[in-house]
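Observations on the model geometry
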Amino acid sequence: MGLTPGPVPGSVVPQWCEGLNVGVLAPDYQRLVKALTGGSRAGGEVRDCRQLAVALGLEPVPAKVEGVRSKAKRLVARGWLAEEKPGMFSVAGGRVGGS
């Protein structure tokens, strides 16, 4: 056996530490990080939750935007993203990695 299961929807977001890449995150969280990095581009962008929702292909309605905000805040709390100013998110320095 000895297989390590991959990320699954609804799984806990791990605390970021050196050596982790976005591949350890659940698919929804991976998409969120990639929306801020422009896919594979280093450096990334700063976006609000409405812009992130649109980038993820979601309607920018309050329920969808709030879901994105919740995920972004969780990623900030675990060190994956930075909140530049209230409601403006970017990838925290050095957190970009392949999946």
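Residues numbered from 1 in each chain as written. Predicted model: local features only at pLDDT ≥ 70, side-chain atom pairs only at ≥ 80, totals over all residues. Heavy atoms only, no water.

Our focus in this paragraph is the overall build of the chain. When helices and strands are counted, the chain shows three helices and three strands. Ordered by position in the sequence, the α and β elements of the chain form the string α-β-α-α-β-β. If you sum the accessible surface of the chain, you get close to 5,800 Å²; carbon and sulfur atoms cover 55% of it. (Helix = DSSP H or I, 4+ residues; strand = E, 2+ residues; numbered from the N terminus. Areas by Shrake-Rupley, 256 points an atom, 1.4 Å probe, with all protein chains shown as cover.)

With respect to the helices, strands and loops of the structure, serine 90 is situated in strand β3 (residues 88-91). Among the polar contacts made by the side chain of serine 90, one reaches the side chain of glutamate 84 at a distance of 2.5 Å. Look past the residues within four positions of serine 90 in its chain and what remains in contact with it is Leu36, Glu45, Val46, Leu81, Ala82 and Glu84. (Polar contact = N/O pair within 3.5 Å; in protein donor to acceptor, adjacent residues only side chain to side chain. Contact = heavy atoms within 4.5 Å.)

Note on placement: glycine 44 falls in the loop between α1 (27-37) and β1 (47-48). Glycine 44 gets classed as partly exposed once you look at its relative accessible area, which sits at 25%. (Buried < 20%, exposed > 50% of the residue type's maximum accessible area, 1.4 Å probe, protein only.)

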